[in-house]
Amino acid sequence: MIKIAPSILSADFARLGEEIKAAENAGAHLIHVDVMDGHFVPNITIGPLVVDAIRKVTRLPLDVHLMISDPDKYLKDFISAGADILTVHLEATAHLHRTVQAVKEGGIKAGVSINPATPIWSLDDILGDVDIVLVMSVNPGFGGQEFIPNTIRKLKLLRKKISEAGSPALIEVDGGVKPENAMEIASAGADILVMGSAFFKSADYAATMEKLNGMLGN
């Protein structure tokens, strides 16, 4: 099954709890939470307090994506707040293996993300340790950007490397994903599709999920 993870970055924050419940009722598989610090990326979003509040309104797994500098300082806070998956950026972490192990010691799944210009081979020595590899298909920081076409090539290469490594890691894609390109992205190797604007700006969340599930053969 190809999982759909609506990103609350594109939700109506004045009605965030309602939006998340609506996504859950529509059949979403995870809730994607983008955490930005205004330093690693040029935007500021939310912190552990909001994750804690979100945890109280949904049973879906919380897929927390840390787009922040020095994430090690905040791992325990986000784990305590209720994250089920915690993903850090390779580019923001000095000792990636240690960071991944710290997340796993917290009893949740660990992910590693790479930016569009970061090559797939940089993941070679961590593939056996992570649960998820999140490939950014836009430059992180803002929603509503266009999907970078070269991502398809990267996904195919990553799928091959994961298979060769015998790793159980799932591939997640974030940025510019929409019904029009979802099948191509999934066919290239993605297991989880993060959707922001394409989901939360749609007129009917349930109809959007039904369309995606039909296309993807879920």
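Residue indices follow the written sequence of each chain, beginning from 1 at its first position. For a predicted model such as this one, the threshold for reporting local features is a pLDDT of at least 70, and the threshold for listing and counting side-chain atom pairs is 80 or more; totals across whole chains, interfaces and linings nevertheless cover every residue. Calculated side-chain values reflect all of the structure's heavy atoms, with hydrogen atoms and water omitted.

Moving on, we get to the overall build of the chain. Strands are runs of DSSP state E lasting at least two residues, helices are runs of H or I lasting at least four, and both sets are numbered from the N terminus onward. Check the secondary structure of the chain and you find eight helices and eight strands. Only C-alpha atoms enter the radius of gyration, while the globule expectation follows 2.2 Å times N to the 0.38, with N the number of residues. A compact globule built from 218 residues would reach a C-alpha radius of gyration of about 17 Å, and the chain, at 16 Å, matches this within 12%. Taken along the three principal axes of its C-alpha coordinates, the chain extends 40 × 35 × 30 Å. Throughout this description, buried means an accessible area under 20% of the type-specific maximum (1.4 Å probe, protein chains only), exposed means over 50%, and partly exposed covers the range between. Per-residue burial for the chain yields a buried fraction of 52% across its 218 residues. Using a 1.4 Å probe, accessible areas were evaluated by the Shrake-Rupley method; residue-level cover was limited to the displayed protein chains. A total accessible area of about 9,500 Å² is found for the chain, and carbon and sulfur atoms account for 53% of it. Within this scheme the basic residues Lys and Arg register as positive and the acidic residues Asp and Glu register as negative, but His and the chain ends are omitted. Every charge is mapped to an atom, namely NZ of Lys, CZ of Arg, CG of Asp or CD of Glu. Each charge class in the chain can be summarised by its mean position, and for the 20 positive and 27 negative side chains these summaries are 2 Å apart.

Note on placement: Ala-94 falls in the loop between β4 (85–89) and α4 (96–105). By relative accessible area, which is 72% here, Ala-94 ends up exposed. Distance from Ala-94 to Asp-70, taken between C-alpha atoms, is 8.1 Å for residues 24 residues apart in sequence.

It is worth spelling out the UniProt feature "binding site: a divalent metal cation" (unreviewed entry) in the chain at this point. UniProt positions are given in the numbering used here, feature names are shortened, and annotations may be inferred rather than shown by experiment. The UniProt record marks His-32, Asp-34, His-65 and Asp-174 with the feature "binding site: a divalent metal cation" (unreviewed entry), using the residue numbering of this structure. What stands out for the annotated residues spanning 143 residues is how close their C-alpha atoms remain, the widest pair being 10.2 Å apart. Summarising the element assignment, His-32 is placed in strand β2 (residues 31–36). For His-32, a relative accessible area of 0% corresponds to the buried category. Not counting residues within four places of it along the chain, the set of residues in contact with His-32 comprises Ala-5, Pro-6, Ser-7, Ile-8, Asp-63, His-65, Leu-134, Glu-172, Asp-174 and Val-194. Any N or O atom pair separated by 3.5 Å or less is treated as a polar contact, with the protein-specific requirement of one donor-capable and one acceptor-capable atom, and with residues adjacent in sequence counted only for side-chain atom pairs. Side chain to side chain, His-32 and Asp-63 meet in a polar contact 2.8 Å long. Tracing the sequence through the fold places His-65 in strand β3 (residues 62–67). Taking the relative accessible area as the measure of exposure, His-65 reaches 0% and is therefore buried. Note on definitions: a residue-residue contact is assigned when non-hydrogen atoms from the two residues lie within 4.5 Å. In this structure His-65 touches His-32, Val-33, Asp-34, Val-35, Thr-87, His-89, Ser-113, Leu-134, Met-136 and Asp-174, once residues within four positions along its chain are discounted.

By secondary structure assignment, the location of Arg-159 is in helix α5 (residues 151–165). With relative accessibility at 27%, the residue Arg-159 sits in the partly exposed group. Here the alpha-carbon distance between Arg-159 and Ala-169, two residues 10 residues apart in the chain, equals 9.5 Å. Setting aside chain neighbours within four positions, we find Arg-159 in contact with Ala-169, Ile-171, Ala-188, Gly-189 and Asp-191.

A word on the packing of helix α1 (residues 16–26) against helix α8 (residues 205–216). In contact at an axis separation of 8 Å, α1 and α8 are set at 40° when each is read in the N-to-C sense. Overall, the two elements α1 and α8 adopt an arrangement that is oblique. In this structure, the crossing between α1 and α8 has a hand that is right-handed. Of the residues in α8, those in contact with Glu-19, Ala-22, Ala-23 and Ala-26 of α1 are Tyr-205, Ala-206 and Met-209. Each axis is a line fitted through C-alpha atoms, and for a helix only the stretch in contact is used; angles between axes span 0 to 180 degrees, taken between their N-to-C directions. Orientation is classified from the angle alone, with under 35 degrees giving roughly parallel, over 145 giving roughly antiparallel, 65 to 115 giving roughly perpendicular, and any other angle giving oblique. Left-handed describes a crossing whose near helix is turned anticlockwise from the far helix by less than a right angle; the clockwise case is right-handed.

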